[in-house]
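Structural overview
Residue strings, one per chain:
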Amino acid sequence: MKKEEIFQTYKNCIMPTYTKMPYIFVKGKGMKLVDIDGKEYLDFFPGWGVGNVGYCHPAVMSAVRHQIGKLIHLPNNFFNPTQAKLAKEIIRLTFPGKVFFSNSGAEANEGAIKLARMVGAKDPSNPRYEIITFENAFHGRTLATVTATGQKKYQKGFEPLVEGFKTNVPFNDFQAVCAAVNEKTVGILIEVVQGEGGVNVASCDFMKNLRRLCDDKKMLLMIDEVQTGIGRTGKMFGYQNYDIVPDIITMAKSLGGGLPIGCMVAEKKIADILQPGMHASTFGGSPLVCKAALGVFKAIQKDKMLENASKMSPVIFEKLKKLQKNYSVIKDVRGAGLMIGVELNIKGKEVIEECLKEGLLINCTHDFVLRLMPALNVTKRQIDTMIRILEKVLRGVK
Ligand SMILES: Cc1ncc(COP(=O)(O)O)c(C=O)c1O
C-alpha cells in the first residue's frame, strides 16, 4: 500500500480511537525506527513503554524465531513448559508467590482487582471489596480499570462505572489515604511512578507508610508495575526502590518485548484463592509470548541493562536540568531511572511534533509533561543527540 492509501484505509476501516500523527514506520532496531521513506528516527519513547530492550533485540528475536516454528499457542488446561520457566523466573525476580498470565496491563490489573475482591469476600461477617486509587492514576481501559483510573476524561460516557472504588485520593498524601480507609476497604492500588498522570514519583515515606497501613488493617498493597516494571526505574521492578514487598504486582508492556503479555504476581498466602473456573484468559501465557518474555529477561541480564539504566539516568537528568536553567519554558524535571518527565509551562504537543520533524520521538502526557522512556541500553551519544534536538526545538518555542 502507498502512503495515501494507508491514510485513507485508516479513515474508512479503523475506528478513530487514537490521535494519529502522519508517520508510517516500517522497521526498528535498538533505539532506531525507520519510516516508509527510509528516514531514520531516534526513539526515546519506544512502543509507548513496550521497548525497554529496544526494537528487535537479538535475544528476543532468536527466542521468538525458535518458538514460532514449534508451537505458538496452547490452551491453559495443559502444561506449558515455557510458561513454567517464565513463571519461575518472574518469581525469582519478585517475591515468593504465584503468577497469573494475561494479555495486557488492563487485564493484569483486572485480575488483581478480582483477586482482591475474593480475598475480601473470605470473611462473611464483613465482606470487603473497596479499593483505593489515586489522583492522576492510570490503570487501563476495561470498565473496572477505567473506574480505578478515576480520571473523568477517560470515563465520560461509559457510566455507570463499576462500584467499589475510592478514587482520586491525593498522591503522596498519607493522611488522605488514612481518611479514605473504611471497614469495606480491601486494598490499595498504586503506581510507584505515575506514568500517564505526569511522571509523579511516590516518596519513600509514603510507600513505607502504605505498607504499614496495609499490614495494620489487613489490606492488600497492590502495585501496578505495567509501566515501571522490567527495569524501567533502574531496578527490575519499581517497588524494589522502596525496601517494601507488596502483596500483588501487575506487569505488562515491555514484558513480552513487543508481544502481548500481562502478568499478576500474588504473594503465597493469597495466590491459591483463585481456583479452577474463577478466572481465565484464552491467550494468557502462550508458549510464544512466554518465550519472548524469557528473551527479554535474558537480554536485560546479558547486556547488563539495569546497570546501564542506573548509570545513564543521572546523565540524562543532569543534561535536562542544565537545559532547564537555560530555557524558562521547562518548569520541572523529574522521574526515576529511565522514566523521565519534563514539565513545561506550555502545552507539549508542538514540541513533540517539532522533535519528530527533527527525527526524535518523545511523548507528551497530561498536556504539559514531555515523557522520555528510552531503551535501557541507551548510550551517552544517543542522549546527546536527544538533548541537541530538544534544545533546538525549545529554542524555537522559547
Ligand atoms: C500504569 C499502567 N497500568 C495499566 C495500563 C494499561 O495497560 P494496557 O494498555 O496494556 O492494557 C497502562 C498503560 O499505559 C499503564 O501505564
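Residues numbered from 1 in each chain as written. Predicted model: local features only at pLDDT ≥ 70, side-chain atom pairs only at ≥ 80, totals over all residues.

The environment of the ligand is made up of 14 residues, and the closest members are S104, G105, A106, G140 and V226. Tallying contributions element by element places helix 4 (residues 105–120) first for the shell around the ligand, with three residues. (Near = placed C-beta within 6 Å. Helix = DSSP H or I, 4+ residues; strand = E, 2+ residues; numbered from the N terminus.)

For the rest of this paragraph, the subject is the packing of helix 3 (residues 81–93) against helix 10 (residues 287–302). The description of two packed helices rests on the angle between their axes and on the distance between the axes. At a minimum axis distance of 8 Å, the contact between helix 3 and helix 10 shows a crossing angle of 35°. Seen from above, helix 3 lies across helix 10 with left-handed handedness. Of helix 10, the residues touching helix 3 (which contributes T82, Q83, K85, L86 and E89) are P287, C290, K291, A293, L294 and F297. Along the lines of polarity and charge, the residues of the contact of helix 3 with helix 10 split into six nonpolar, two polar and three charged. (Axes fitted to C-alpha atoms, helices over the stretch in contact; angles between N-to-C directions. Left-handed = near helix turned anticlockwise from the far one by under 90°. Contact = placed C-beta atoms within 7 Å. Nonpolar A, V, L, I, M, F, W, Y, C, P; charged D, E, K, R; others polar.)

Now for the sheet that holds strand 15 (residues 360–361). Across the sheet, four strands lie side by side as 1-2-3-15; this open sheet has mixed pairing. Two strands lie at the open edges of the sheet, namely strand 1 (25–29) and strand 15, each paired on one side alone. Sheet analysis places strand 1 next to strand 2 (residues 32–35), joined by four bridges and oriented antiparallel. Looking at strand 2, one finds that K27 is bridged to V34. (Pairing = 2+ DSSP bridges.)

Moving on, we come to the pairing of strand 2. Successive side chains on a regular strand alternate, one facing one side of the sheet and the next facing the other. As consecutive antiparallel partners, strand 1 and strand 2 are separated by two residues, and within that stretch G30 has a phi angle of approximately 60°, a positive value. Sheet topology places strand 2 next to strand 3 (residues 40–43); three bridges connect them, and they run antiparallel. Considered in strand 3, the bridge of L33 is made with Y41. The hairpin formed by strand 2 and strand 3 contains four residues between the paired strands, and G38 there has a positive phi angle of roughly 90°.

Next up on the list: the packing of helix 2 (residues 58–68) against helix 10. Between helix 2 and helix 10, the least distance of the axes is 8 Å, while the angle of their chain directions is 155°. If you check the angle between helix 2 and helix 10, you find them roughly antiparallel. Relative to helix 10, helix 2 is oriented so that their crossing is right-handed. Taken together, the residues of helix 10 that come into contact with helix 2 (itself represented by A59, V60, A63, V64, H66, Q67 and I68) are P287, L288, K291, A292, L294, G295, V296, K298, A299 and K302. (Parallel < 35°, antiparallel > 145°, perpendicular 65-115°, else oblique.)

Quick look at the nonpolar core now. One finds I188, C263, A293 and V296 to be the most contacted residues of the largest nonpolar core, which totals 106 residues. Among the elements that line this core, the one with the most residues is helix 10, at ten residues. Discounting residues that sit within four places of it in the chain, V296 has contacts with V53, V60, I230, S254, L255, G256 and G257. (Core = buried A, V, L, I, M, F, W, Y, C linked by C-beta atoms within 7 Å. Buried ≥ 20, exposed ≤ 12 C-beta atoms within 10 Å, placed from the backbone.)

Here we take up the domain arrangement of the chain. As assigned here, the chain comprises domain 1 (1–43), domain 2 (59–302) and domain 3 (305–369 + 387–398). For domain 1 versus domain 2, the separation of C-alpha centres amounts to 31 Å. (Domains from an automatic or database assignment.)

With respect to the element layout, I90 can be found in helix 3. Sequence-distant contacts of I90, defined by excluding residues within four places in its chain, comprise V99, C263 and V265.

Moving on: the environment of K380. Locating K380 in the fold gives a position in helix 13 (residues 380–397). Classification of K380 by C-beta neighbours within 10 Å gives exposed; the count is 12. For the pair formed by K380 and I316, sequence separation is 64 residues and the distance between their alpha carbons is 8.5 Å.

Side-chain alternation along strand 17 (residues 369–372) places V369 and R371 on one buried face and L370 and L372 on a second face that is also buried. As defined by bridge partners, strand 16 (residues 363–365) adjoins strand 17 across three bridges and the pair is classed as antiparallel. Residue T365 lies in a different strand from strand 17, and its bridge partner there is V369.

Here we have seven strands laid out as an open sheet, ordered 4-12-11-10-7-5-6, and mixed in their pairing. Either end of the sheet is taken by a strand with one partner, and the two such strands are strand 4 (97–102) and strand 6 (165–169). Here the average twist between neighbouring strands, direction ignored, is 20°. Of the strand pairs in this sheet, strand 7 (residues 185–190) and strand 10 (residues 220–224) are connected by four bridges, and their pairing is parallel. Residue pairing in the sheet places G187 in a bridge with L220 of strand 10. Docked against the sheet, helix 3 engages strand 4 and strand 12 (262–267), running at close to 125° with respect to strand 4. The sheet contacts of helix 4 involve strand 4, strand 5 (130–134), strand 7, strand 10, strand 11 (248–251) and strand 12, and relative to strand 12 the element is tilted by about 25°.

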